[in-house]
Amino acid sequence: MTNSNNSEVDLNKLAEEELLREAKRAVARSEVSGIEGFKKCPLPQTNKRFLTNTIVNNIKSNKRKTEAQNEKKKRFSTEKAKKASNNTLSVTRNQEKRKSVKKKSSSSVKKTNNSTR
């Protein structure tokens, strides 16, 4: 029995201490904001399900947009690389054509020089 009496006394002491702490907090609150400190907030609670869904959908949407932009950049860079390679091919082809035209023209000049002698 003494054991249960001790536990009851301990519980009563803890309850008294907690009530005193709560009273001190209430005094501090009333000094700072008066009676308004004890009123409940007039604003309704936030709709957390709506807020969570909105944030999740915005994150997904932003992710899709960035992926689309990255894909567009990749396509643009590959198209640019293809154009660059095509341009270098056409430049080398043009250079080869010029060389062959020069060779033909120089050989025809030699023929005319030989025929005039």
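Residues numbered from 1 in each chain as written. Predicted model: local features only at pLDDT ≥ 70, side-chain atom pairs only at ≥ 80, totals over all residues. Heavy atoms only, no water.

1. Regarding the overall build of the chain
The helix and strand tally for the chain stands at two helices and zero strands. Counting all 117 residues of the chain, 0% fall into the buried class. Counting only carbon and sulfur atoms, one obtains 56% of the accessible surface of the chain, whose full area is about 11600 Å². (Helix = DSSP H or I, 4+ residues; strand = E, 2+ residues; numbered from the N terminus. Buried < 20%, exposed > 50% of the residue type's maximum accessible area, 1.4 Å probe, protein only. Areas by Shrake-Rupley, 256 points an atom, 1.4 Å probe, with all protein chains shown as cover.)

2. Side note on the pattern of salt bridges
This model, assessed by the stated rule, comprises three salt bridges. A salt bridge links Arg 21 to Glu 18, with the nearest nitrogen and oxygen atoms 2.7 Å apart. Within this pair, Arg 21 and its partner Glu 18 are both found in helix H1 (residues 2–33), separated by three residues, close to a single helical turn. Here Glu 36 makes a salt bridge to Lys 39, at a shortest N to O gap of 3.5 Å. Among the ionic contacts, a cluster of salt bridges with common partners joins Glu 18, Arg 21 and Arg 25. (Salt bridge = Lys/Arg side-chain N within 4 Å of Asp/Glu carboxyl O.)

3. Some points on a nonpolar patch on the surface
A contiguous nonpolar surface patch, about 280 Å² in accessible area, is contributed by Leu 51, Ile 55 and Ile 59. Tracing the backbone shows Leu 51 in helix H2 (residues 48–116). (Patch = residues over 30% accessible without salt bridge, like charges linked within 9 Å, V, L, I, M, F, W, Y side chains within 5 Å.)

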